[in-house]
Amino acid sequence: MASRQGSSVTTSARDAALQTVRRRDIRCVARLLVPQVRCSGGTVGHEPLFRSRGGNADDPNQIVLLCSAHHHWVHAHPAEALVVGLAERHQPR
Ligand SMILES: [Zn+2]
């Protein structure tokens, strides 16, 4: 990907990762995984491997795009989120 040198805005690694994720996913990725929840609200970057469990918030490969409704659902239903792949157990080696 082209770098954005020359911009006066400093882009953090997290912002750069989110830009990549938004280009890749375009829409909420949970709309098909969790059809019982209707997409609503703006999109946010979600790390299936939660940061508190060792996820890297700056790695686009560890971030998926979720709408706010599904993001809320994932955190409210961790067991179900695990089943559909929107959360992962951290497995320390
Ligand atoms: Zn959604």
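Our subject is the structure that appears above.
Here is what the cut-offs are and how they apply
- Residues numbered from 1 in each chain as written.
- Predicted model: local features only at pLDDT ≥ 70, side-chain atom pairs only at ≥ 80, totals over all residues.
- Helix = DSSP H or I, 4+ residues; strand = E, 2+ residues; numbered from the N terminus.
- Contact = placed C-beta atoms within 7 Å.
- Buried ≥ 20, exposed ≤ 12 C-beta atoms within 10 Å, placed from the backbone.
- Pairing = 2+ DSSP bridges.

A. Focus on the overall build of the protein. Along its length, the protein carries four helices and two strands. In the protein, of all internal contacts separated by at least 6 residues, the share reaching a separation of at least 24 is 68%.

B. Representation of the environment of L66 within the structure. Inspection of the secondary structure assignment puts L66 in strand β2 (residues 64–67). The sequence separation of L66 and D25 amounts to 41 residues, and the corresponding C-alpha distance is 9.1 Å. The contacts of L66, once residues within four sequence positions are left out, are C28, V29, A30, T43, V44, H46, H71 and V74.

C. Structural context of the environment of V64. In this fold, V64 is placed in strand β2. Overall, V64 belongs to the buried group, with 24 C-beta atoms counted inside 10 Å. Every residue in contact with V64, bar those within four places of it in the chain, is listed here: V21, D25, V29, H46 and P48.

D. Structural view of the pairing of β2. Where burial is concerned, the two faces of β2 agree: the one with V64 and L66 and the one with L65 and C67 are both buried. In the sheet, strand β1 (residues 43–46) pairs with β2 via four bridges, with the strands oriented antiparallel. Bridging from a neighbouring strand, H46 pairs with V64 of β2.

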